[in-house]
Amino acid sequence: MNDIKLLKGRIEPWKDLIAAADDMQTMYELGMEEGDQSVEGELRAMYEEAKQKFEQQSILNLLSGEVDKNGCFLTIHAGAGGTEACDWAYMLSRMYIRWAERHGFKMETVDIQEDEGGIKSTTIQITGDYVYGYLKGEAGVHRLIRISPFDANARRHTSFTSVYIFPILDETIKVDIRPEDLRVDTFRSGGKGGQHVNKTDSAVRFTHLPTGIVVQCDSERSQLMNRATAMSILRAKLYQHYKEEKEKENAKFGAEKKDISWGNQIRTYVFQPYTMVKDHRTKYEVGNIQAVMDGDIDSFIDAFLQAQWKGLPVGGDDDSEEM
């Protein structure tokens, strides 16, 4: 039923666009026959609405990968820089949460390591149609340039944070995990989770010994629920790992494996001395940084998907340009 729903969501808007085009053609012909120029304004409005829907559907048609239709786990890690970097990680997590809210997607924080000035790392589960397809291009290092609010001398600082995107796998995607390949650790949550969370060993950490991949979850009171969520994250990470090995396309996911440091960023966010957000892979940029930080990142997502579809290189950054 979910597959049928997704197919309807891809087909029916095109039928509506065909009907809208027919309506515009009819209105244009009547206006020409009667010499009525008053229809021009209405035609322009109809055209702009149809154009916007066409662009939205064209982007959706680019999401045809095996797991593009699925939700995702979004993981954010603060780079070096202490409080400044942790604050930047918090700002990025807020940006993606706002983006998900704009689209009506469901969210759940499954793991968070807080810091006095923000967060050291967090994993957020985002569920909805095509979430992974939209967000997969966000993986990589994000750079912030601003006058630090934590610097008494008001100097300009540069901070780095990494973003990782892993698909939530449904039962049609098989990932074999042998029990003997897992090390399981339980511990008490250190976050603000209430008395029960902090007094019982409800948090769970899985270490996949062959690959060294580590995941953990401490968002629920029940250890059983945390184990289930942690296993889901592990399956997603292993899927990504094995896919890279199988296809030998390391460059496709290379942004995720770069150091969280200078020269490895996919996007730069500048607050001072001017405001600008620039993606170094697509060269797309905007000046309204506040709108971006409030979750308005669809234009960056669309630019990446279009460039990927056209076969343009989208793996490198443009650090040679002074920001």
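Here the structure is a predicted model, which is why all the values come from computation and not from measurement. Positions within a chain are numbered from 1, following the residues in the order the chain's sequence is written. Given that the model is predicted, a residue must reach a pLDDT of at least 70 before its local features are reported, and side-chain atom pairs must reach 80 or more before they are shown or counted; all residues, however, enter totals for whole chains, interfaces and linings. Note that the side-chain values use all heavy atoms of the structure and ignore hydrogens as well as water.

Trainee: Whenever I open this one, the nonpolar core confuses me. Can you help?
Mentor: In globular proteins that are soluble, nonpolar side chains generally tend to be buried together. Joining through side-chain atoms within 4.5 Å is the link that ties buried Ala, Val, Leu, Ile, Met, Phe, Trp, Tyr and Cys residues into a set, and such a set is a nonpolar core. Here's how the labels work: a residue is buried when its accessible area is under 20% of the maximum for its type, exposed when over 50%, partly exposed in between, all with a 1.4 Å probe on protein chains only. Residues Tyr96, Ile126, Tyr134, Leu135 and Tyr269 are the most contacted members of the largest nonpolar core, which totals 64 residues. If we ignore the near neighbours within four places in the chain, the residues touching Tyr96 are Leu74, Ile76, Leu135, Glu138, His142, Val163 and Ile297. In terms of nonpolar packing, the next biggest core, distinct from the first, is built from six residues, Met27, Val39, Leu43 and Ala50 among them. Contact between two residues is taken to exist if any of their heavy atoms lie within 4.5 Å; hydrogens are not considered.

Trainee: Sorry if this is basic, but what is going on with the pairing of strand β5 (residues 156-167) here?
Mentor: Successive residues of a regular strand alternate their side chains across the two faces of the sheet. Of all twelve residues in β5, nine are buried, a share of seventy percent or more. At least two DSSP bridges between two strands are needed for those strands to be called paired. Each helix is a run of DSSP H or I of at least 4 residues and each strand a run of E of at least 2, with the numbering of both proceeding from the N terminus. In this sheet, β5 lies alongside strand β1 (residues 72-78) in antiparallel orientation, the contact comprising seven bridges. Counterpart to Thr75 in the pairing with β5 is Tyr164.

Trainee: Explanation requested: the sheet that holds β1 in the structure shown.
Mentor: Sheet strands line up and pair through hydrogen bonds in the backbone, either parallel or antiparallel. Judged by pairing direction, the sheet is mixed, and its eight strands sit side by side in the order β2-β3-β1-β5-β4-β9-β10-β11 without closing on themselves. Looking at which strands have only one partner, the edges of the open sheet turn out to be β2 (106-115) and β11 (285-286).

Trainee: Mind showing me how you'd approach unusual backbone geometry here?
Mentor: Note the cis peptide between Gln272 and Pro273, where omega equals 5°. As for its placement among the helices and strands, Pro273 is situated in the loop between β9 (265-270) and β10 (276-279). The residue Tyr130 is not glycine, and still its phi comes out positive at about 70°. Turning to its location among the elements, Tyr130 is positioned in the loop between β3 (118-127) and α4 (131-135).

Trainee: Please explain the side chain of Thr122 as it appears in this structure.
Mentor: With respect to the helices and strands, Thr122 occurs in strand β3. Think of a polar contact as two N or O atoms within 3.5 Å of one another; within protein, one of them needs to be a possible hydrogen donor and the other a possible acceptor, and neighboring residues in sequence only count if both atoms come from side chains. Here Asp111 takes part through its backbone oxygen, which lies 3.0 Å from a polar atom of the side chain of Thr122. Excluding its chain neighbours within four sequence positions, the residues that come into contact with Thr122 are Leu74, Thr75, Ile76, Ser93, Thr109, Asp111 and Ile112.

Trainee: Please clarify how the confidence of the model for the chain should be interpreted in this entry.
Mentor: Regions with low pLDDT should not have their predicted coordinates read in detail. Per-residue confidence from the predictor is reported as pLDDT, a score between 0 and 100. Taken residue by residue, the chain gives an average pLDDT of 84. The fraction at 70 or more is 87%. Low pLDDT (under 50) marks residues 249-258, which in the prediction has 22 contacts with non-local residues, meaning those over four places away or in another chain. The model gives residues 317-323 a pLDDT under 50, and that stretch makes 23 contacts with residues more than four places away or in other chains.

Trainee: Looking at this model, I keep getting lost on the packing of aromatic side chains. Mind explaining?
Mentor: Paired rings are identified among Phe, Tyr and Trp, the last through its six-membered ring, by centres lying within 6.5 Å, and are further divided according to the angle between planes into stacked (under 30 degrees), edge-to-face (over 60) and tilted (the rest). Within the structure shown, the criterion is met by five aromatic pairs. With 5.5 Å between their ring centres and 50° between their planes, Trp99 and Phe105 make a pair best called tilted. The buried category is assigned to Trp99, whose relative accessible area is 0%. Seen from their ring centres, Tyr164 and Phe166 are 6.4 Å apart, and the 5° between their planes marks the pair as stacked. In terms of burial, Tyr164 and Phe166 fall into one category: buried.

Trainee: How do you make sense of the environment of Gln240 when you look at a structure like this?
Mentor: With respect to the helices, strands and loops of the structure, Gln240 is situated in helix α6 (residues 223-247). For Gln240, a relative accessible area of 2% gives the class buried. Linking Gln240 and Phe166, residues 74 residues apart in sequence, is a C-alpha distance of 6.9 Å.

Trainee: Please clarify how the pattern of salt bridges should be interpreted in this entry.
Mentor: For this document, the term salt bridge refers to a Lys or Arg side-chain nitrogen within 4 Å of an Asp or Glu carboxyl oxygen. The full count for this structure, using the stated rule, is 13 salt bridges. The partner of Arg44 in a salt bridge is Glu40, with the nearest N and O atoms 3.0 Å apart. Here Glu40 and Arg44 lie together in helix α2 (residues 39-61), a separation of four residues that amounts to about one turn. Judged by relative accessible area, which is 41%, Glu40 ranks as partly exposed. In this structure, Arg281 and Asp279 form a salt bridge, with 2.8 Å as the shortest nitrogen-oxygen distance. Classification of Asp279 by relative accessible area gives buried; the value is 0%. Among the charged side chains, a salt-bridge network with shared partners connects Glu138, Arg267, Asp279 and Arg281.

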